[in-house]
Structure formats: C-alpha cells, structure tokens
Amino acid sequence: MAELIDGKKISQQIKDECREKIEREGLQKSLAVVLVGDDPASAVYVGNKKKACEYCGIKSVSYELSAETSEKELLELVDKLNQDESIDGILVQLPLPSHIDEDKVIKAISPDKDVDGFHPENVGRLSIGQSGFLSCTPAGIIQLLKRSGVDTDGKECVIIGRSNIVGKPMAMLMLRENATVTVCHSHTKDLKEVCKRADILIVAIGRPKMIDASYVKEGAVVIDVGIHRQEDGKLCGDVDFDSVSPVASKITPVPGGVGPMTIAMLMKNVTDSSDIISKELAYIAI
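**Observations concerning the sheet that holds strand E8 (residues 221-224)**
Phase 1: Taking strand neighbours across the sheet as the criterion, the six strands line up as E1-E11-E8-E7-E5-E6 in an open arrangement whose pairing is parallel. Taken across any chain shown, the strands that pair with only one partner, and hence form the sheet edges, are strand E1 (3-4) and strand E6 (180-184).
Phase 2: With five bridges connecting them, strand E5 (residues 156-160) and E6 associate as parallel partners. Within the sheet, the bridge partner assigned to Ile 159 lies in E6 and is Val 183.

Next up, the structure:
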C-alpha cells in the first residue's frame, strides 16, 4: 500500500516557516485580495487565504466587489494597487464574471506583485530560468515531492494536462529539478502506455477517478491535482485512489494532498516577495 503524502502537514510547515521569517526579520507584508461577485467556492477560497495571512503575520487587504463591477473599474483598482507601495502582492480571485476578460486582468497586475505567478512575464522568467513568482499549485507540488523524500533527478515524469495554471508550469519546474518530462493531453496517443513509463505521475486532467491502476507503473509516485464532489457529497480526485494506492509507492490523497499547498505557497510568495524582486533586479543589472 502506498505511503500517503500529507499535504496538510507539509503546508503547515511552510506557513510556520513564513511566520518565523516574518517575525525574525520584522517584515511588514501585505496582500490585496480582490473578489468580484458572490461565487460560493471563490468566497471560501478567499476566506481561507485571509486566515492563512493572519496566521503568518501578513496583512490582508480585502476588496469584495459586486458581480456588476465593470472591467474598467476592476482594471482601475488593479492599477491603484500596483502603485500602492504598501501592497506586496495582488491576487484577483478567479473565475471572474463573464463580462470581464480574465487575461486582460492578469496582464494588468504588475509582475512584481503577481504572487499567483500567472503574469506572462513571470511565466517567461520561469521558462528561461530567471527568478520570478512561481505558480502556486505547481510550486506546491515540488515542495510535496522534496519534503517527502522523492528524488526527481533523472526520473521520468509524466504530466497529464497542459493548462497554463498547472500543466505547463509544472513541466518547466520538473525540468528545473532535472526530471525527464512528458506532457500528455486529450490528443495523446496510447495514454496508458505513456503513463506506465512514469516514475512520477502528476495528474491534472479534470475528470473524476479517470486514472486507475492500469495507468500506473509499480512503485510510481502519484500526485493527484484534481478535486471533484461526488453524488454522495464526498470529494475525489482525478485518480481512482482505491485502485492506484496498492500499486504506487507514494500518493497524495484528496482532500488533504495538493489542495492545502496552493495557499501555503501563496504565503511563501508574499513572504519572499522582496527577495524575488531583488534577484530580478540583480539579473537585469548584470
């Protein structure tokens, strides 16, 4: 039976480290969180981010806007926050109402305050090995692997899913960790055979329990990024946990695996923002 990779425990370690750094160095950090509309899931996420900020000693500045807020009004708020030197990070909770262009809003956030790691400039920095904010979920997965003693050097990693939020940055981060990376998607031929080569299988496909034991090599490490609510109200991932856990060596549960890491890494991005920006400026100065 696979060993569970405990995302709750590891995320708590990271938040504790952020809290200790802020206290030790006397840092004054602040995160602006913008919520547009009344989507219940988004409201829960924003609430959890506020709690994490409070725990770590980060000031949380909240902007809760109505669903009727115009794109122009939101962009004006983002510009105001970009100019505010007391704000270290800006997070606009997605998804946004349909009349607002998410891509335009993401691009409007200053790359030096883009603690979500979604701005094209930060994605570009990652792709060419420069310092920048990392997308929180993929960065969290790297921490799960490292802190669980998983050696990535030279290992074959298969990622199912090519989204801008998980799949693509995950591939670049695993390359940075010296893994040999294959990215699979809906057009991949012989998906099972490709997946069965993986020493590390990262699943972010968005289909409940799609990946069963027939996709997994004996002893592989399996990271499940998906989260779905079943008809009985229980949560499940993209991986059929009961089928895969007897085959894998290590596996993330759902819930309690990847999920808690996203907010923990957001806290780390805010805490380390000055260091990240100074490294960018040092690179430019050279």
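**Considering the sheet that holds strand E4 (residues 89-92)**
Phase 1: Reading across the sheet, the three strands line up as E3-E2-E4 and stay open at both edges, with parallel pairing between neighbours. Because the sheet does not close on itself, it has two edges, and the strands there are strand E3 (59-65) and E4. Strand-to-strand twist in this sheet, taken as the mean axis angle between neighbours without regard to direction, amounts to 15 degrees.
Phase 2: Contacts from helix H2 (residues 40-56) reach strand E2 (30-36), E3 and E4, with the element oriented near 170 degrees to E2.
Phase 3: Against the sheet, helix H3 (residues 71-83) contacts E2, E3 and E4, and its axis sits at roughly 180 degrees relative to E2.

**Comments concerning the packing of helix H6 (residues 136-147) against helix H7 (residues 167-176)**
Phase 1: Orientation of H6 relative to H7, taken along the N-to-C sense of each, is 40 degrees, at an axis distance of 9 Å. The angle between H6 and H7 falls in the class oblique. Remark: the crossing between H6 and H7 carries right-handed chirality. Across the interface between the two elements, Pro 138, Ala 139, Ile 141, Ile 142 and Leu 145 of H6 pack against Pro 169, Met 170, Leu 173 and Met 174 of H7.
Phase 2: Residue composition of the contact of H6 with H7, by class: nine nonpolar, no polar and no charged.

**Concerning helix H1 (residues 7-25)**
Phase 1: Between its terminal C-alpha atoms H1 stretches 27 Å, which fits the 27 Å expected from 19 residues at 1.5 Å a residue.
Phase 2: Of all the positions in H1, only Gly 7, Ile 10, Ser 11, Ile 14, Lys 15, Cys 18, Lys 21 and Ile 22 are classed as buried. Projection of H1 onto a plane perpendicular to its axis shows the buried side chains occupying an angular sector of 140 degrees, all on one side. Of the residues in H1, the exposed ones pointing more than 90 degrees away from the buried face are Lys 8, Lys 9, Glu 23 and Arg 24.

**Considering the environment of Lys 72**
Phase 1: Here Lys 72 is to be found in helix H3.
Phase 2: Residues Lys 72 and Val 105 lie 33 residues apart in sequence; the distance between their C-alpha atoms is 9.8 Å.

**Here's the deal with unusual backbone geometry**
Phase 1: Of the consecutive residues Leu 94 and Pro 95, the connecting peptide bond is found in the cis state with omega at 0 degrees.
Phase 2: Summarising the element assignment, Pro 95 is placed in the loop between E4 and helix H4 (102-108).
Phase 3: The omega angle of the peptide bond from Val 254 to Pro 255 is 0 degrees, so this bond is cis rather than trans.
Phase 4: Considering the arrangement of structural elements, one finds Pro 255 in the loop between strand E11 (250-251) and helix H10 (259-271).
Phase 5: Look at Asp 190: it is not a glycine, yet its phi comes out positive at around 55 degrees.
Phase 6: Mapped onto the secondary structure, Asp 190 falls in the loop between E6 and helix H8 (191-195).
Phase 7: One non-glycine residue, Lys 209, lies in the positive phi region at around 55 degrees.
Phase 8: Structurally, Lys 209 can be placed in the loop between strand E7 (200-203) and E8.
Phase 9: Judged by its relative accessible area of 37%, Lys 209 is partly exposed.

**Side note on the nonpolar core**
Phase 1: Ranked by internal contacts, the top residues of the largest apolar core, which has 47 residues, are Leu 31, Met 174, Ile 202 and Met 267.
Phase 2: With seven residues, H10 is the single largest residue contributor to this core.
Phase 3: Setting aside anything within four residues of it in sequence, one finds Met 174 in contact with Ile 142, Leu 145, Thr 152, Cys 157, Ala 179, Val 181, Ile 200 and Ile 202.
Phase 4: Core analysis: the second largest hydrophobic core is formed by 21 residues, Ile 160, Ala 220, Val 244 and Ala 248 among them.

**Describing the packing of H6 against H10**
Phase 1: Viewed as axis vectors pointing N to C, H6 and H10 meet at an angle of 100 degrees, and their least axial separation amounts to 8 Å. Of the possible angle classes, the one that applies to H6 and H10 is roughly perpendicular. Between H6 and H10, the residues in contact are Cys 136, Thr 137, Ala 139, Gly 140, Gln 143 and Leu 144 and Met 261, Thr 262, Met 265, Leu 266 and Asn 269, respectively.
Phase 2: Of the residues that constitute the contact of H6 with H10, the class distribution is six nonpolar, five polar and no charged.

**Overview of the pattern of salt bridges**
Phase 1: Inspection of the entire model under this criterion finds 17 salt bridges.
Phase 2: Residue Lys 72 pairs with Glu 76 through a salt bridge whose shortest N-O separation is 2.6 Å. One end of the pair, Lys 72, and the other, Glu 76, are both in helix H3, four residues apart, so they sit about a helical turn from each other.
Phase 3: Looking at Lys 72, the relative accessible area reads 57%, which means it is exposed.

Rules used throughout
- Residues numbered from 1 in each chain as written.
- Predicted model: local features only at pLDDT ≥ 70, side-chain atom pairs only at ≥ 80, totals over all residues.
- Heavy atoms only, no water.
- Pairing = 2+ DSSP bridges.
- Helix = DSSP H or I, 4+ residues; strand = E, 2+ residues; numbered from the N terminus.
- Axes fitted to C-alpha atoms, helices over the stretch in contact; angles between N-to-C directions.
- Contact = heavy atoms within 4.5 Å.
- Parallel < 35°, antiparallel > 145°, perpendicular 65-115°, else oblique.
- Left-handed = near helix turned anticlockwise from the far one by under 90°.
- Nonpolar A, V, L, I, M, F, W, Y, C, P; charged D, E, K, R; others polar.
- Expected span 1.5 Å × (residues − 1).
- Buried < 20%, exposed > 50% of the residue type's maximum accessible area, 1.4 Å probe, protein only.
- Arc of directions from axis to C-beta.
- Core = buried A, V, L, I, M, F, W, Y, C linked by side-chain atoms within 4.5 Å.
- Salt bridge = Lys/Arg side-chain N within 4 Å of Asp/Glu carboxyl O.

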